[in-house]
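These are the residues of each chain, in order.
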Amino acid sequence: QVQLVESGGGLVQAGGSLRLACGTSGSFLSIDGMGWYRQAPGKQRELVATITRGGSISYADSVKGRFTISRDNAKNTAYLQMNSLKPEDTAVYYCKSKILSFGSSRWADFWGQGTQVTVSS
């Protein structure tokens, strides 16, 4: 059973920094794209940043210049370094990975449980 677990969330003052991590465990053959999403109360989940297995990166306009996504393929882990945090960054942050499971011929998206990030003004 493939599981993604986010960590690193918490409460931080505006202008501060947090580093999120997303670890992957279980039985699988390969991880393709990985990404970070966030969802604030009453709002739809939105994409924050994505990174391909080869390291191609994209960011939402709202976080460009402040957030950095990275991954360590050997550790099956993705990271999100968040700097210059703003109150509007407050949300539950989720990790998503496209994974080929052992014995499967189809790629599927897997989601973590989320980690709360709260930025105070």
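See the structure above.
Residues numbered from 1 in each chain as written. Predicted model: local features only at pLDDT ≥ 70, side-chain atom pairs only at ≥ 80, totals over all residues. Heavy atoms only, no water.

S.K.: How should the sheet that holds strand 3 (residues 18-25) be read in this particular structure?
M.R.: Within a sheet, each strand pairs with its neighbour through backbone hydrogen bonds, oriented either parallel or antiparallel. Reading across from one edge, 1-3-8-7 is the order of the four strands in this open sheet, with antiparallel pairing throughout. Either end of the sheet is taken by a strand with one partner, and the two such strands are strand 1 (3-7) and strand 7 (67-72). Looking at each pair of strands side by side, their axes are set apart by 15 degrees on average, direction ignored. Bridge count between strand 1 and strand 3: five bridges; the pairing is antiparallel. (Pairing = 2+ DSSP bridges. Helix = DSSP H or I, 4+ residues; strand = E, 2+ residues; numbered from the N terminus. Axes fitted to C-alpha atoms, helices over the stretch in contact; angles between N-to-C directions.)

S.K.: What's the story with the nonpolar core in this structure? I'm lost.
M.R.: As a rule of thumb, nonpolar side chains are buried together in soluble globular proteins. Of all hydrophobic cores here, the largest spans 28 residues; its most connected members are W36, V48, F67, L80, M82 and Y93. Within the residue set of this core, elements represented by two or more residues are strand 3, strand 4 (28-39), strand 5 (46-51), strand 7, strand 8 (77-82), strand 9 (91-101) and strand 11 (115-120). (Core = buried A, V, L, I, M, F, W, Y, C linked by side-chain atoms within 4.5 Å. Buried < 20%, exposed > 50% of the residue type's maximum accessible area, 1.4 Å probe, protein only.)

S.K.: I'm lost on the packing of aromatic side chains in this one. Help?
M.R.: Aromatic ring pairs are reported here in terms of the distance separating the ring centres and the angle at which the planes meet. Within this structure, the stated rule accounts for two aromatic pairs. When the centroid spacing of 6.5 Å and the interplanar angle of 80 degrees are considered together, the rings of Y94 and W111 count as edge-to-face. Of this pair, Y94 sits in strand 9 while W111 sits in strand 10 (residues 107-111); the two residues are 17 residues apart in sequence, bridging distant segments of the chain. Looking at Y94, the relative accessible area reads 14%, which means it is buried. Joined through ring pairs, the aromatic side chains of Y37, Y94 and W111 make up one cluster. Positioned above the aromatic ring of Y79, the side-chain terminus of R19 is 4.2 Å from the ring centre. It is R45 that lies over the ring of W111; its NZ or CZ is 4.7 Å from the centre. (Phe/Tyr/Trp six-rings, centres within 6.5 Å; stacked < 30°, edge-to-face > 60°. Lys NZ or Arg CZ within 6 Å of the ring centre and 35° of its normal.)

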